[in-house]
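# Structural features, examined
Here are the chains, one letter per residue:
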Amino acid sequence: MDLIRWRKPELSDPWYEFKRLQNEINDLFNLDRSPATEGLFDRPFSPAVDLVEGPEDYTVVCEIPGVDKKDLELSLTSNVLTIKGEKKQEEETKRKDVYRREMWKGSFQRTISLPGGVDNQKNIEANLKDGILTVVIPKREETKPRQITVKAR
Amino acid sequence: MSDETRRKAISACCDIFEEDGKILLTLEMPGVTREGLDISVEGDELSISGRRELPGVKNGKYLVKEIRETDYFQKYIIDNTIDRDKIEAAFKNGILNVSLHLKESEKPRQITIKGE
């Protein structure tokens, strides 16, 4: 038997990029299975969000470059997390010669409906570092997975 | 090369202004740390790269995934009007500000008129 050297699929498969593109397009239409991440009052410009369900908690990661801690407002009502904030414009009036403008500015709001079982009583941790906001929301005791030990007789 | 260095790089959202004899570049790089940032000038090329360190999630499944796992890289061609020795950069809250100073000889000069 010959030994064949293992290679990364993206290096050896010429269709890899096309498959990836296809997956990404398919994901566009899979929205119904994911929780709602847009609320009625959200603005068209909204920061990108990740929502991860762990065994003990939910982690929400949000990309908000250039937003100060004091301009940010987080609130949790039952299982709906709202991230609200404002990206300040700086000294815009002084600037006359604009070559390129790609960044968006202004206020934004993002509403994320978490799946049930959120513990409102417990401490919710929120951290803002280098333009990335991380919020960890613990789950209620009864929704956490439990280990069941099997006794042998 | 490790997996992390092979990650795709995209160009960051960027604003470019000119102000008081300076070209100001503002780049949005959320998740990039100061250590992961690299700005270099080589000849006419100004390259800016930022390695992202996203908060990793150990065990869990993604219910929503909108943040792309990419790094930032882009190159700009700068012409001779820019002073290579006077390039400043500041980084705060995921926003990188680079200021490129124009050479003294390229700045508009006020000419005083002598009169009787």
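Above this note sits the structure.
Remember, predicted model here, so these are calculated numbers, not experimental data.

Scanning chain A from N- to C-terminus turns up 2 helices and 8 strands. For chain A, the α and β elements follow one another from N to C terminus as α-α-β-β-β-β-β-β-β-β. The buried share of chain A, reckoned over its 153 residues, is 33%. In chain A, 58% of the contacts between residues at least 6 apart in sequence involve partners at least 24 apart. As displayed, chain A has an accessible area near 11,200 Å², and 51% of this comes from carbon and sulfur atoms.

In space, the 5 strands of this open sheet follow the order β5(A)-β2(B)-β3(B)-β9(B)-β8(B), with antiparallel pairing throughout. In the strand order of this sheet, the two ends are held by β5 (97-101) of chain A together with β8 (82-92) of chain B, each with one partner. Across the sheet, the axes of successive neighbouring strands diverge by a mean angle of 15 degrees, strand direction being ignored. Bridge analysis of β5 of chain A against strand β2 (residues 14-19) of chain B gives 4 bridges, and the strand direction is antiparallel.

Next up on the list: the pairing of strand β9 (residues 95-102) of chain B. Moving residue by residue along a regular strand, the side chains alternate between the two faces of the sheet. Residue and element names in this part refer to chain B. Of all the 8 residues making up β9, 7 are buried; the element is thus mostly covered by neighbouring parts of the structure. Both β8 and β9 contribute to a ladder of 7 bridges, which runs antiparallel. Looking across to β9, one finds that E88 is bridged to S99. In this structure, the hairpin formed by β8 and β9 is closed by a connection of 2 residues, where N93 is found at a positive phi of approximately 55 degrees.

Residue-level contacts link 46 residues of chain A with 41 residues of chain B. Across the interface of chain A and chain B, roughly 3,600 Å² is buried in total on both sides, 52% from carbon and sulfur atoms. On the surface where chain A and chain B come into contact, there are 6 salt bridges. In this structure, K92 of chain B engages D68 of chain A in a salt bridge whose closest nitrogen and oxygen atoms are separated by 3.8 Å. Along the contact surface separating chain A from chain B lie 16 residue pairs in polar contact (both at pLDDT 80 or more). Counting only elements with at least two residues in the side of chain A that touches chain B, the list comes to α1 (9-12), α2 (16-28), β1 (49-53), β2 (57-63), β5 and β8 (132-138) of chain A. When the residues that make up the side of chain A that touches chain B are grouped by side-chain class, the tally is 19 nonpolar, 6 polar and 21 charged.

This part is about the pairing of strand β7 (residues 71-77) of chain B. All names here are of chain B. In this sheet, β7 lies alongside strand β1 (residues 9-10) in parallel orientation, the contact comprising 2 bridges. The partner of A9 across the bridge, within β7, is D71. Pairing of strand β5 (residues 45-52) with β7 involves 6 bridges; the strand directions are antiparallel. By the bridge assignment for β7, S49 is matched with F73.

Moving on to the sheet that holds β7 of chain B. The sheet built from 4 strands is open, its strands ordered β1-β7-β5-β4 (chain B) with mixed pairing. The open sheet has two free edges, formed respectively by β1 and β4 (32-42) of chain B, since each of these has just one partner strand.

Right, let's get into the environment of K105 of chain A. All names here are of chain A. When you line up the elements, K105 lands in the loop between β5 and β6 (106-113). Using a relative accessible area of 23% as the deciding quantity, one classes K105 as partly exposed. Spatially, the C-alpha atom of K105 lies 6.5 Å from that of K88, the residues being 17 residues apart in sequence.

Right, let's get into the side chain of S99 of chain B. Structurally, the position occupied by S99 of chain B is in strand β9. Setting aside residues up to four positions removed in sequence, S99 of chain B forms contacts with K22, I23, L24, K86, I87 and E88 of chain B.

A few words now on unusual backbone geometry. Notably, D130 of chain A is not glycine yet its phi reads approximately 50 degrees, a positive angle. One can find D130 of chain A in the loop between β7 (125-129) and β8. One non-glycine residue, N93 of chain B, lies in the positive phi region at around 55 degrees. Topologically, N93 of chain B is positioned in the loop between β8 and β9. Residue N93 of chain B is classed as partly exposed on the basis of its relative accessible area, which comes to 22%.

About the thresholds
Residues numbered from 1 in each chain as written. Chains lettered and ligands numbered in written order. Predicted model: local features only at pLDDT ≥ 70, side-chain atom pairs only at ≥ 80, totals over all residues. Heavy atoms only, no water. Helix = DSSP H or I, 4+ residues; strand = E, 2+ residues; numbered from the N terminus. Buried < 20%, exposed > 50% of the residue type's maximum accessible area, 1.4 Å probe, protein only. Contact = heavy atoms within 4.5 Å. Areas by Shrake-Rupley, 256 points an atom, 1.4 Å probe, with all protein chains shown as cover. Pairing = 2+ DSSP bridges. Axes fitted to C-alpha atoms, helices over the stretch in contact; angles between N-to-C directions. Buried area = accessible area lost by both parts, 1.4 Å probe. Salt bridge = Lys/Arg side-chain N within 4 Å of Asp/Glu carboxyl O. Polar contact = N/O pair within 3.5 Å; in protein donor to acceptor, adjacent residues only side chain to side chain. Nonpolar A, V, L, I, M, F, W, Y, C, P; charged D, E, K, R; others polar.

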